[in-house]
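Chain by chain, the residues:
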Amino acid sequence: MSRWRWRSLILLVYVIIGIYIAWVYDYITPAVLRDVAEALLAVFLWFLVLLGVDLHIGG
């Protein structure tokens, strides 16, 4: 493997461990994930928002 692939792999493992730790210590919750998903939908489907489509997940 080349040097940049090793660095990328190490960075990926570091981020995955960080996400797990944040989940275990309740920094990431299902409510946070829902809010992020709603925001991403609004960003990528902004034209639907302008047409009045409600992109809120859940209720």
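Refer to the preceding data block for the structure.
Keep in mind the model is a prediction, meaning the values are calculated, not measured. (Residues numbered from 1 in each chain as written. Predicted model: local features only at pLDDT ≥ 70, side-chain atom pairs only at ≥ 80, totals over all residues. Heavy atoms only, no water.)

Participant: Would you mind going over the pattern of salt bridges in detail, with residue names and values included?
Facilitator: Enumeration over the complete set of coordinates arrives at 2 salt bridges. With a shortest N-O distance of 3.9 Å, Arg34 and Asp35 are connected by a salt bridge. We classify Arg34 as partly exposed; its relative accessible area is 38%. Within this structure, Arg34, Asp35 and Glu38 form a network of salt bridges that share partners. (Salt bridge = Lys/Arg side-chain N within 4 Å of Asp/Glu carboxyl O. Buried < 20%, exposed > 50% of the residue type's maximum accessible area, 1.4 Å probe, protein only.)

Participant: Run through the environment of Pro30, naming residues and quoting values.
Facilitator: Relative to the helices and strands, Pro30 is located in helix 2 (residues 30–44). Sequence separation between Pro30 and Tyr20 is 10 residues, and the spatial gap between their C-alpha atoms is 13 Å. (Helix = DSSP H or I, 4+ residues; strand = E, 2+ residues; numbered from the N terminus.)

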